[in-house]
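Here is how the chains run, residue by residue.
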Amino acid sequence: MDKFKLPSFTKPTHNIAPPDMSNVDQRPRHLHVTNCPNNTYALANVAAVSPKDFPNNIYVIVDNLFVFTTKHSNDIPPGSVGFNGNQRTWGGWSLNQEVQCRAFDMLKYSGKQSYLGSVDIEISFRSRGKAVTTPFDQDQLATHFIKNYESQIFSPTQYLIMEFKGHFFDLKVRNLQAIDLADIEPTNKVATGIEAKGILTKQTQLNFFKGRDGLVNLTSSNSLRPRSDAVIRADFKFEDLGVGGLDKEFTKIFRRAFASRIFPPSVIEKLGISHVKGLLLFGPPGTGKTLIARKIGNMLNAKEPKIVNGPEILSKYVGSSEENIRNLFKDAEAEYRAKGEDSSLHIIIFDELDSVFKQRGSRGDGTGVGDNVVNQLLAKMDGVDQLNNILVIGMTNRKDLIDNALLRPGRFEVQVEIHLPDEAGRLQIFEIQTRKMRENDMMDADVDLAELAALSKNFSGAEIEGLVKSASSFAINKTVNIGKGQTKLNQKDIAKLKVTRNDFLNALTEVTPAFGINEEDLKTCVEGGMILYSDRINAILKNGERYVRQVRQSEKSRLVSLLFHGPPGSGKTALAAAIALKSEFPFIRLISPNELTGMSESAKIAYIDNTFRDAYKSPLNILVIDSLETLVDWVPIGPRFSNNILQVLKVALKYKPPEGRRLLIMTTTSAYSVLKQMDILSCFDNEIAVPNMTNLDEFNNVMMDTGFLDDADRVRVINKLAETAPRMNIGIKKALTNIETARHDDDPINEIVELMTQAV
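Report follows, based on the coordinates. Remember, predicted model here, so these are calculated numbers, not experimental data. (Residues numbered from 1 in each chain as written. Predicted model: local features only at pLDDT ≥ 70, side-chain atom pairs only at ≥ 80, totals over all residues. Heavy atoms only, no water.)

1. Details of the overall build of the chain
For the chain, the count of helices and strands is 27 helices and 26 strands. Across the 760 residues in the chain, those meeting the buried criterion constitute 49%. Relative to all contacts within the chain whose residues are 6 or more apart in sequence, the contacts with residues 24 or more apart total 77%. (Helix = DSSP H or I, 4+ residues; strand = E, 2+ residues; numbered from the N terminus. Buried < 20%, exposed > 50% of the residue type's maximum accessible area, 1.4 Å probe, protein only. Contact = heavy atoms within 4.5 Å.)

2. Some details on the pairing of strand β15 (residues 278-282)
Counting buried positions along β15 yields five of five residues, so the element is predominantly enclosed. Side chains of β15 alternate between two faces, with G278, L280 and F282 and L279 and L281 buried alike. In this structure, β15 lies alongside strand β18 (residues 390-396), joined through five bridges in parallel fashion. Bridged to F282 within β18 is T396. Judged from the four bridges that link them, β15 and strand β19 (residues 414-417) form a sheet pairing that is parallel. Opposite L280, over in β19, you have Q415 as the bridge partner. (Pairing = 2+ DSSP bridges.)

3. Section: the pattern of salt bridges
Per the counting criterion, the structure on display carries 22 salt bridges. Residue D400 pairs with R398 through a salt bridge whose shortest N-O separation is 2.6 Å. Judged by its relative accessible area of 31%, D400 is partly exposed. (Salt bridge = Lys/Arg side-chain N within 4 Å of Asp/Glu carboxyl O.)

4. Overview of helix α24 (residues 696-706)
Side chains that are three or four residues apart share a direction in an α-helix, a result of its 3.6 residues per turn. For α24, the set of buried residues is L696, E698, F699, V702 and M703. Here the buried residues of α24 occupy an arc of 160° about the axis, which is enough to place them on one side. Check the buried side of α24 and you find it contacts α17 (535-553), α25 (711-724), α26 (732-743) and α27 (748-759). The opening residue of α24 is N695, an N-cap whose side-chain oxygen sits 3.1 Å from the backbone nitrogen of D697. Just downstream of α24 lies G707, where phi reads positive at about 70°. (Arc of directions from axis to C-beta. Polar contact = N/O pair within 3.5 Å; in protein donor to acceptor, adjacent residues only side chain to side chain.)

5. What about the packing of α26 against α27?
Look at α26 against α27: their axes get within 9 Å of each other, and the N-to-C directions meet at 150°. When the axis of α26 is compared with that of α27, the two are roughly antiparallel. Note that α26 runs across α27; the crossing there is right-handed. Mapping the contact onto sequence places K734, A735, N738, I739, T741 and A742 in α26 and P748, E751, I752, L755, M756 and A759 in α27. When its residues are assigned to classes, the contact of α26 with α27 shows eight nonpolar, two polar and two charged. (Axes fitted to C-alpha atoms, helices over the stretch in contact; angles between N-to-C directions. Parallel < 35°, antiparallel > 145°, perpendicular 65-115°, else oblique. Left-handed = near helix turned anticlockwise from the far one by under 90°. Nonpolar A, V, L, I, M, F, W, Y, C, P; charged D, E, K, R; others polar.)

6. Observations concerning the packing of aromatic side chains
Given two aromatic rings, one states the distance between the centres and the angle between the planes to describe the pair. On inspection of all chains with the given rule, the structure shows 17 aromatic pairs. With a centroid separation of 4.8 Å and an interplanar angle of 70°, the aromatic rings of F145 and Y149 are classed as edge-to-face. Of this pair, F145 and Y149 both sit in helix α4 (residues 138-149), four residues apart, which is roughly one turn of that helix. The same class applies to F145 as to Y149, namely buried. Here the aromatic residues F66, F68, F83, W90 and W93 are joined through ring pairs into a cluster of three or more. Over the aromatic face of Y41 sits the side chain of K71, whose NZ or CZ is 5.0 Å from the ring centroid. (Phe/Tyr/Trp six-rings, centres within 6.5 Å; stacked < 30°, edge-to-face > 60°. Lys NZ or Arg CZ within 6 Å of the ring centre and 35° of its normal.)

7. Some words on the nonpolar core
By size, the foremost hydrophobic cluster in this structure holds 51 residues, and its most contacted members are F564, L664, M666, F699, V717, L721 and I752. A total of seven residues in this core trace back to one element, the largest contributor, which is helix α18 (residues 572-583). Built from parts of two domains, this core gets at least three residues from each of domain 5 (519-689) and domain 6 (696-758). Ignoring anything within four residues of it in the chain, the contact list for V717 reads F699, M703, L709, I749, I752 and V753. Membership of the second largest hydrophobic core comes to 31 residues, among which are I625, L628, L631 and I645. (Core = buried A, V, L, I, M, F, W, Y, C linked by side-chain atoms within 4.5 Å. Domains from an automatic or database assignment.)

8. Quick look at the sheet that holds strand β1 (residues 29-35)
Taken in spatial order, the six strands line up as β1-β5-β2-β4-β3-β6 and close into a barrel, and their pairing is mixed. Each adjacent strand pair in this sheet contributes to an overall mean axis angle of 45°, direction not counted. Strand direction decides the pairing type here: β1 and strand β5 (residues 80-83), joined by four bridges, are parallel. Paired with H32 across the two strands is S80, which belongs to β5.

9. A short note on the environment of P37
As for its placement among the helices and strands, P37 is situated in the loop between β1 and α1 (39-44). Assessed through its relative accessible area of 26%, P37 is described here as partly exposed. Separated by 38 residues in the primary sequence, P37 and D75 have C-alpha atoms spaced 6.2 Å apart.

10. A look at α17
Taking 1.5 Å of rise per residue, the 19 residues of α17 would be expected to cover 27 Å, and the 27 Å separating its terminal C-alpha atoms lies within 8% of that figure. Regarding α17, the residues found buried are I537, I540, L541, G544, Y547, V548 and V551. In an axial view of α17, the angular spread of the buried residues amounts to 120°, which keeps them on one side of the axis. Exposed residues pointing more than 90 degrees away from the buried face of α17 are listed as D535, K542 and Q553. The elements touched by buried residues of α17 are β22 (559-565), α18, β24 (620-625), β25 (662-669) and β26 (686-689). Structurally, the start of α17 carries an N-cap: the backbone nitrogen of R536 is 3.1 Å from a side-chain oxygen of S534. (Expected span 1.5 Å × (residues − 1).)

Note that every value here comes from positions in space, so none of it alone points to a role or purpose.
Right, here's the structure in full:
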């Protein structure tokens, strides 16, 4: 059921009944803190008082927060109260400091008589120099604790001193579960705040855990006791990491990597499983992988993590790189030989994992050092001498570069993608990044974090942090006067400094996401805007919008690939770019021959591959691939095309994005028959033909849309063209060029007629 079972808890006997407070003076008194009279009082963890100040063996509350049991001492003068060092540390008191004390009634404080169902206690040697490896049985420690402190009141965060078998220990109450005997259904809630209080009884379950030093060797004959070296701190919360938008990922990480380490070793042994040894975090730069690594020590009761930047492992000396790997595991090996499954967890964190542990044989440097380093890590993680007390955490932006042997179960078997945050995740990150700003009233009331989260599509955590810094710089700049020869700060403005909504909107124009919309290239394709000169163009745009809706809404269409084909200059690229921009997808990219000009074949392949990989990182993505035949280096003579680039594109066009990601690919070509010969048409879900202008009415619509000539002159142009070029077949691009040329001629009417006649 829970940690404390009600049926086994009998009503308290007279020796643990709370003291009768009915005749005790409840008025507060001001006493001065002094030291305990002797070790007996110190080890009893009581408040030593004069008989003239308080009765013996009652509860007193100090500064309305800290509760102790009184014990008379003739060595304590009236007006003083004696505490041991740990009690003074807990209360934050110095000697001779004045504190407020008054009698404490549990019933009046909480409205019920709260007894302790269970208590979790951290135990450490009082002196590290006197630490021993002798095992201490938790059941014996619990019996000794109850014998010495039965009927005392305890609270989370409380510090105590205890002697056991000649050894002195510092104790800290980590958390507790308080119950009332009158409750039919006791609560399972575990309290970690100092305001929670309960009375210790014989039936209280005590769980001991290793303290921060991790030196106390705890054992237990009870297989159901929780591990004494629990990995997760009891007071740990995800928010403490300062990483937002990763709730699902954290759930998976702790389920796979840490859950088994919380259970008693005997239970895991019965399951016949071993702990996970490797955890790989991968994803785009700036999403929080390294931030998790830096802060992981805050959430774990483990040895201080060893954090290694990948390239630091490599050395110019023969064998030194491999030795560096071995040294990382040396402490874990020594402790595992000494303590076995009771060994503490040792964490090793590799940042930029792909820089060192690449596929073996891929470096081509002739030294073999890289391969040897990979082999050494493989042997240490899951070799002949297996360790069960290690967790290796790797961070990488390029999982595909890592040696495959490292990714199998037994090594980095838990692989979690730290993706770009969605809107809810971005809101969490904004709340984290602006917390101090809001707490100190430095953010204006007109700032809506939910609005900023909606506007910052495809921003990573690091980019949101940069956005907040940029907004702050705009706010700071308003208080600075930069004049000739001097810079002045307006003191009055500094006092009124606040970051406003406009500051954030200005920052959004300055800070752009690495995986966002490549608007400049796309807008260049539709520089003059879309000219709807024909019903066929309207139909193509509507079809494109339909495919956008399909990708956005359909549960089955993670990938839709379209081919826009038609004569050169018919407007294929402009149509694809217009559909992409109107979609408002968070990720839109254009792959065009302009960007690949001058690249080697291998560089082109890498560029195409990286662009497609980027397109899998956002929930909704569009790729516009312009002039496919040019990308594959097609020419009518000589070496016709690059087969390697063609095969890469064939695979990419048919590869479905990961679950939860959607991709619309719009490809253009002016050589449909060539693509047919290359056998690539089967890679497209649908083909959209984009024709030339074929009649004079369509050309008249183009002249009207561009504001070329007045109505009467356009009629003259159309009449003349009806005589010289009645059968028209010309691309929109050529028609627009001719119009611009004629616009600057002395006789634009005859010039446009002549140019269009020549084009036809």
